[in-house]
2 protein chains.
Amino acid sequence: MAQTKILLDENEIPTHWYNVVADMPNAPAAVLGPDGKPITPDALAAIFPMSLIEQEVSAERWIPIPDKVREIYQLWRPSPMFRAHRLEQMLGTPAKIYYKYEGVSPAGSHKPNSAIAQAYYNKEAGIRRLVTETGAGQWGSSLALAGQMFDMEVRIYMVKVSYEQKPFRRSMMQTWGAEVFASPTNMTNAGRSVLEKDPTNPGSLGSASSEAVEEAASRADTNSALGSVLNHVILHQSVIGLEATKQFEKVGDYPDMIFAPCGGGSNFGGAAFPFFADKAAGKNVRLVAVEPSSCPTLTRGHYAYDFGDSVGMTPLLKMYTLGHDFMPPSIHAGGLRYHGDNALVSQLYNEGLIEAVAVPQVATFEAGVQFARTEGIIPAPESCHAIRACIDEALRCKESGEAKTLFFNLSGHGHFDMASYDKYFAGELEDYAYPEEAIRQALDHLPKVG
Amino acid sequence: MAQTKILLDENEIPTHWYNVVADMPNAPAAVLGPDGKPITPDALAAIFPMSLIEQEVSAERWIPIPDKVREIYQLWRPSPMFRAHRLEQMLGTPAKIYYKYEGVSPAGSHKPNSAIAQAYYNKEAGIRRLVTETGAGQWGSSLALAGQMFDMEVRIYMVKVSYEQKPFRRSMMQTWGAEVFASPTNMTNAGRSVLEKDPTNPGSLGSASSEAVEEAASRADTNSALGSVLNHVILHQSVIGLEATKQFEKVGDYPDMIFAPCGGGSNFGGAAFPFFADKAAGKNVRLVAVEPSSCPTLTRGHYAYDFGDSVGMTPLLKMYTLGHDFMPPSIHAGGLRYHGDNALVSQLYNEGLIEAVAVPQVATFEAGVQFARTEGIIPAPESCHAIRACIDEALRCKESGEAKTLFFNLSGHGHFDMASYDKYFAGELEDYAYPEEAIRQALDHLPKVG
């Protein structure tokens, strides 16, 4: 029987995270304060521990993974890599398709790779409470798991409309001992001010984030934690790509192209950056970030300084952005809704060292169903973006006869997203191309720098 | 770091299933027809292929697993075994706790181990359509997956109240291409007769099963498939225990006690029977079937001939039973509701060669939450029964100071059961001890034999 799964032993869990900054041709653009001048690390010390702030700005290639983090990683890592024989056969492609499956984590996605690390460093710094915001709950559930593993209190501001309509990720967070609040709440100034204007406000990631940051900033024992966008999150996610490089070694193959979903960038950066070292050394490997057409940050956004959050409280990051007041269309079911992109992903894209492609929603679910019907696993909607782009390339290979090696990150399962699949089957999902006019207007909303 | 996962390579997927009949001290009790005489294999030929009927009555110790079945098994097998370090520490027990995790299958439980095999043998026999009934949908989704893997049509009669209240397992079945009907339907005589009496009938496993069997029996291209109870299902599930024996060898340990959930018996038999060969050869290993107090088949039922289904259409099986008209209490959230038990499980229990324990509902969820908070994975309510019994034993070891080796089957994850966890957290779950009077009355409902 042909090999299907490529497994690693526990002692092959990476001992160090990989930091792409060390292999970038140019230093990362500075992070700016409200005055337009580069901020100092201590500007972030109210909400993050110094160890994570150091990782955020580090230029070291290898950063050791603490043993206690690797011990928790052992509960599901190394994650398996699969050769997608059945998908290849169904497509009739000469391409070889591999995927890394991060849905084996207890929270069902790659998110715990960073949540566990962040909980650890906060615990080491004497922090006993973590707060965060969550939309559909993928990040919130990962942080709940992580807090539980390090015996920390976790408090989650969950966008009210999701809290009410998607109760099962909330149940998951509660099973792991987290407290979950429907945001806006009357527990913070930010929440109260929203409720004063509109007591029936359904909440948004922006206001939930403001509530979490307000709570973290106001208590010495409490910090905030973010699930993507920041460099230290990408750093932690590098375990995905690092394991994948070993797994390709085991089967004596190497990817020509790598596809990963791209929202804030940690999914893509985590899977693809560990291959960037080879690329920087001259290897011919293409790294492709896959984003939704309805939130086409890299493919159609502006490369400019913008706020990291939607309300303009954070320092300014140089990144591809649709404007920090970007509102994702409500018809969009598949995550990846962030208005910007991680700064390192943005800079490498701007320099032409990585690629990006935007895919429409209906086609991503079509690809996800094709995948489920051949490989079995029902993919998360985010992951369906990478599957779509990979299948498209495999079909191009079928036309050209090229036997390329393709690799994508199956970042999570879709067990908590079946309502979106239902909508797909009912023909209720629509494609939505982000309008040209909105992109032009976003320029006017960007903060003025320098 | 201490070893947490015990993995096997794909080439260690068992090549043969293990049949416990070969090691039983007495031949299995005969299956009887309505006339009280042993039935012949062809009595089942209208709904099962001959290859499965042969497995049903086989006394061979080893039955080869077809390569095409092993190829599909490769999508998730061998499943990992874990050493539950964090759970042990939290309990403060000297016992060593291991568990086998079957939730890695695409359908999230052990059920596909048999669904894949059944689909294969039916396909080989020229059958192109499979029909089955399902309650909450764990078996239905596994058969949908299996049918898709062998390019067969799958039609599922899903109990109407579950179809409406638990839409996500239905979505899962549809993702794998199955047609799902809310039973009772007006497509069969059985369904129409129920609807004539009560057009708002919410359905039951009994009537859904009658619809499925009617359709299977009436079409030459269509067969039925069952998810537990029958011997060939237990046979297929033996891959769980067979892998576990190898995994214990790898770590140089051996279980003193094995715990597995017991409803129809295939979960328990699959995990525990492969250790029975050692037990028959004199090894001191205790096999414990764990059932709900609300459906205490082995611990309080009658050992007698009874129908396998709830409406009295099947041949008579000698088994522990609460009466084929047993109605599980509506407060019971955790599966394992079958009125009887597999005949081999029943016979071995009657002969004192295996043990059984009944656990109350609230305590099973309590154990499941303890497990999730230490080991990460959120267990299926069925699996929580085995966890409860295993934790109880680990706590007894704490008192006695014994360092026993305990093993349980974590047969599935709880991602589609979060509504039950919600009820647990809300204090809405109740314990229910099946009443003594109902057990006495069941005696009168047993079919008269001989």
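All values reported here derive from a predicted model rather than from experimental measurement.

Visitor: What is the right way to look at the overall build of chain A in this model?
Guide: Along the backbone of chain A there are 17 helices and 15 strands. Taking 2.2 N^0.38 as the reference for a compact globule, 450 residues should give roughly 22 Å; the C-alpha atoms of chain A span a radius of gyration of 21 Å, in line with that estimate. Taken along its principal axes, the extent of the C-alpha atoms in chain A is 60 × 50 × 45 Å. For chain A, the proportion of its 450 residues judged to be buried stands at 64%. Taking as baseline every contact in chain A between residues at least 6 positions apart, the subset at least 24 positions apart corresponds to 77%. As presented, chain A carries roughly 15,700 Å² of accessible surface, and 50% of it is formed by carbon and sulfur atoms. Averaged over its 38 positive side-chain charges, chain A has a centre that lies 3 Å from the centre of its 52 negative ones.

Visitor: How should the pairing of strand E10 (residues 257-261) of chain B be read in this particular structure?
Guide: The side chains of a regular strand alternate between both faces of the sheet. All names here are of chain B. In terms of residue burial, E10 counts as a mostly covered element, since five of its five residues are buried. Side chains Met257, Phe259 and Pro261 project from E10 onto one buried face, and the interleaved Ile258 and Ala260 project onto a second face that is buried too. Pairing of E10 with strand E11 (residues 286-292), which is carried by five bridges, proceeds in the parallel orientation. Pairing of methionine 257 across the sheet is with arginine 286, part of E11. Between the parallel elements E10 and E11, the chain passes through helix H11 (residues 266-280) in a crossover that is right-handed. Direction of pairing for E10 relative to strand E15 (residues 405-410): parallel, over a ladder of three bridges. Counted as the bridge partner of isoleucine 258 is phenylalanine 407 from E15.

Visitor: Quick question: what am I supposed to make of the packing of aromatic side chains here?
Guide: Geometrically, a pair of aromatic rings is defined through the distance of the ring centres and the angle of the planes. As enumerated under the stated definition, the model contains 45 aromatic pairs over all chains in all. Centre to centre, the rings of phenylalanine 248 of chain B and phenylalanine 407 of chain B are 5.3 Å apart; their planes meet at 90 degrees, and the pair counts as edge-to-face. A residue pair is termed long-range when its members are at least 10 positions apart, and phenylalanine 248 of chain B in helix H10 (residues 231-251) and phenylalanine 407 of chain B in strand E15 qualify at 159 residues. The burial state of phenylalanine 248 of chain B is the same as that of phenylalanine 407 of chain B; both residues are buried. Ring pairing ties together the aromatic residues Tyr98, Phe248, Tyr254, Phe275 and Phe407 of chain A, which thus form one cluster. Lying over the aromatic face of tyrosine 254 of chain A, lysine 283 of chain A brings its terminal NZ or CZ to 4.1 Å of the ring centre.

Thresholds applied
- Think of each chain on its own: its residues are numbered from 1, step by step along the sequence as written.
- Chain labels run from A onward and ligand labels from 1 onward, assigned in the order the entries are written.
- Only residues with pLDDT of 70 or above have their local features reported here, since the model is predicted, and side-chain atom pairs are shown and tallied only from 80 upward, although totals for entire chains, interfaces and linings are computed over all residues.
- In computing side-chain properties, one takes all heavy atoms of the structure into account and sets aside hydrogens as well as water.
- For the purposes of this entry, the term helix denotes a DSSP run of H or I that reaches at least four residues, the term strand denotes a run of E that reaches at least two, and both are numbered from the N terminus.
- Note that the radius of gyration is over C-alpha atoms, with the globule rule given as 2.2 Å times the number of residues to the power 0.38.
- When a residue's accessible area, from a 1.4 Å probe over protein chains only, is under 20% of the maximum for its type it is buried; when over 50% it is exposed; and in between it is partly exposed.
- Contact definition: two residues touch when any of their heavy atoms are within 4.5 Å.
- Only the protein chains shown count as cover for residues, and the accessible areas themselves come from Shrake-Rupley with a 1.4 Å probe.
- When charges are counted, Lys and Arg are positive and Asp and Glu negative, with His and the chain ends excluded.
- The atom standing in for a charge is NZ when the residue is Lys, CZ when it is Arg, CG when it is Asp and CD when it is Glu.
- Should DSSP find at least two bridges between two strands, the strands are regarded as paired.
- Convention used here: a crossover is right-handed provided that the path from the first strand, over the helix, to the second strand proceeds clockwise when the strands point away from the viewer.
- Pairs were defined over the aromatic rings of Phe, Tyr and Trp, the Trp ring being its six-membered one, requiring ring centres within 6.5 Å. Orientation was assigned from the angle between planes: stacked under 30 degrees, edge-to-face over 60, tilted for the rest.
- A ring is considered to have a charge above it if a Lys NZ or an Arg CZ atom is located within 6 Å of its centre and within 35 degrees of its normal.

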